[in-house]
Amino acid sequence: PNFHSRLVVTTSSTSLTMAITNISCSDIDIYICRMNYFLFSHRTEKNSTGRLVDIKIPPQVPVMTQPPSLVVSEGSTITYKCLANLGRPNKGQIVWNASVNGQKVELLLAPVLKEKNNNSCTVTVESTVTFQANRTKQNITLSCFSTNQDFQETAPLSCASPGTDLCAQSQPLNILIPKSTTTATTWTISPTFSSSQATGPHTG
């Protein structure tokens, strides 16, 4: 690592302390403490066991892409995307929640994941969910959350505060349901008379 002026070393009669300020990904490395001293006029060197110094990077608030129109016809294919920097690789994930009229529902979908940027320090992931609009999803609202096992390992139940909950939430989806059509049938009934029911002029 290139410390420049970020390295601060303090010493005492029994110890030496090294501090790195404004730490960054370039500081991830194995560090060894090496001690040189003279014993009976002989120069002696001892090394400590190497220690890996890693850093924790919090995930960022995700950005959601909604369908071009939130008014769709029943049977349409709907796609939502969520893009988020999840911090250090293999530490975070994007979690989806869905609700209909305020009641949580299961999407029962496997999101498609794609790494958009991985600079060996942080990873940005795009998660995509696609489903078919039907009347059971009327007014559905989707939320996506950035989680990271070093910070916020589980997603909250709802996206109440995007900045705190690290989430993004869609607007309700309005699904146009076609009206049922009813065919009216007109019946024509003609009166029928039998000969026994017919009466004519009566003469006595």
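Criteria and thresholds
- Residues numbered from 1 in each chain as written.
- Predicted model: local features only at pLDDT ≥ 70, side-chain atom pairs only at ≥ 80, totals over all residues.
- Heavy atoms only, no water.
- Pairing = 2+ DSSP bridges.
- Helix = DSSP H or I, 4+ residues; strand = E, 2+ residues; numbered from the N terminus.
- Axes fitted to C-alpha atoms, helices over the stretch in contact; angles between N-to-C directions.
- Phe/Tyr/Trp six-rings, centres within 6.5 Å; stacked < 30°, edge-to-face > 60°.
- Buried < 20%, exposed > 50% of the residue type's maximum accessible area, 1.4 Å probe, protein only.
- Salt bridge = Lys/Arg side-chain N within 4 Å of Asp/Glu carboxyl O.

**Brief notes about the sheet that holds strand E15 (residues 167–169)**
Link 1 in the chain: Judged by pairing direction, the sheet is antiparallel, and its four strands sit side by side in the order E11-E10-E14-E15 without closing on themselves. In this open sheet, the two edge strands, each paired with only one partner strand, are strand E11 (103–105) and E15. Each adjacent strand pair in this sheet contributes to an overall mean axis angle of 30 degrees, direction not counted.

**So, the packing of aromatic side chains**
Link 1 in the chain: Taken as a whole and assessed by the stated rule, the structure comprises one aromatic pair.
Link 2 in the chain: Between Tyr-80 and Phe-131 the ring centres are 6.1 Å apart and the planes differ by 15 degrees, which places this aromatic pair in the stacked class. One end of the pair, Tyr-80, is in strand E9 (residues 77–85); the other, Phe-131, is in strand E13 (residues 123–132), with 51 residues separating them in the sequence. As far as burial versus exposure is concerned, Tyr-80 and Phe-131 are alike and both buried.

**Some details on the pattern of salt bridges**
Pairing of side chains with opposite charge becomes possible as their charged atoms draw close.
Link 1 in the chain: Scanning the model with the defined rule gives four salt bridges in all.
Link 2 in the chain: Where Asp-54 meets Arg-88, a salt bridge forms, and the shortest distance between an N and an O atom there is 3.3 Å. Taken together, the residues Asp-54 in the loop between strand E6 (51–53) and strand E7 (63–65) and Arg-88 in the loop between E9 and strand E10 (92–100) connect sequence positions 34 residues apart.
Link 3 in the chain: On the basis of relative accessible area, Asp-54 is assigned to the partly exposed category, the value being 42%.
Link 4 in the chain: In this structure Arg-88 comes out as buried when scored by relative accessible area, which is 12%.

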